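# Chains, contacts and geometry: an overview
Spelled out from the first residue to the last, the chains are:
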Amino acid sequence: QVQLVESGGGLVQAGGSLRLSCAASGLTFSSYSMGWFRQPPGKEREFVVGISRFGGSRYYADSVKGRFTISRDNSKNTAYLQMNSLKPEDTAVYYCAGSSRGYDVPHRYDYWGHGTQVTVSS
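Residues numbered from 1 in each chain as written. Predicted model: local features only at pLDDT ≥ 70, side-chain atom pairs only at ≥ 80, totals over all residues. Heavy atoms only, no water.

We now examine the environment of phenylalanine 54. Residue placement: phenylalanine 54 occurs in the loop between β5 (46–51) and β6 (58–60). Sequence separation between phenylalanine 54 and asparagine 74 is 20 residues, and the spatial gap between their C-alpha atoms is 7.6 Å. If near-sequence neighbours (up to four positions away) are discounted, phenylalanine 54 is found in contact with Ser30 and Asn74. (Helix = DSSP H or I, 4+ residues; strand = E, 2+ residues; numbered from the N terminus. Contact = heavy atoms within 4.5 Å.)

Here it is in structure tokens:
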């Protein structure tokens, strides 16, 4: 049973930082690209960033480029999202996802976590 579990969300002031984690089980972690998506209140889910199977390639949405960093530790079956210089518009439910079909094509992600809330106050 594939399971992705996000953690690390919370309430932070604008300009602050958070680090999200995504713990994976039930799959061969290194066989999957990993990504992060988010869904702001009242809006559709959007792609944030993806990372290739061994961490060599990354693809960021323009809205987070230079502020967010994705990483993965295949020995721990965990992906991370380091979020710096947070803005109120970053407020959203953040989801981790896995893909067997590439890291940079958002609609090809196969497995999803249940999400963690990130709220950035002004």
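So, next bit.
Turning to the nonpolar core, a few remarks are in order. Ranked by size, the top nonpolar core spans 27 residues in total, and within it Trp36, Phe68, Leu81, Met83 and Tyr94 carry the most contacts. It is strand β3 (residues 18–25) that provides the largest number of residues to this core, a total of 4 residues. (Core = buried A, V, L, I, M, F, W, Y, C linked by side-chain atoms within 4.5 Å. Buried < 20%, exposed > 50% of the residue type's maximum accessible area, 1.4 Å probe, protein only.)

Here we come to the pairing of strand β1 (residues 3–7). Strand residues, when the strand is regular, have side chains that alternate between the two faces of the sheet. Of the two faces of β1, the one holding Leu4 and Glu6 is buried and the one holding Gln3, Val5 and Ser7 is not buried anywhere. In this structure, β1 lies alongside β3, joined through 5 bridges in antiparallel fashion. Residue serine 7 lies in a different strand from β3, and its bridge partner there is serine 21. (Pairing = 2+ DSSP bridges.)

A positive phi angle is found at asparagine 77, which is not glycine, with a value near 50°. With respect to the helices and strands, asparagine 77 occurs in the loop between β7 (68–73) and β8 (78–83). Residue asparagine 77 is classed as partly exposed on the basis of its relative accessible area of 27%. In this model, serine 85 sits at a positive phi of 50°, which is unusual for a non-glycine residue.

Turning our eyes to something else, we now look at the environment of leucine 81. The residue leucine 81 is located in strand β8 in this model. For leucine 81, a relative accessible area of 0% puts it in the buried group. Distance in space between the C-alpha atoms of leucine 81 and arginine 19 is 5.6 Å, their sequence separation being 62 residues. Apart from residues lying up to four places away in sequence, leucine 81 is in contact with Leu18, Arg19, Leu20, Trp36, Val49, Phe68, Thr69, Ile70 and Tyr94.

The strand order across the open sheet built from 4 strands is β1-β3-β8-β7, with neighbouring strands paired in antiparallel fashion. Both outer strands of the open sheet, β1 and β7, are each paired with one neighbouring strand and no more. Ignoring which end each strand starts from, the neighbouring axes of this sheet average 15° apart. (Axes fitted to C-alpha atoms, helices over the stretch in contact; angles between N-to-C directions.)

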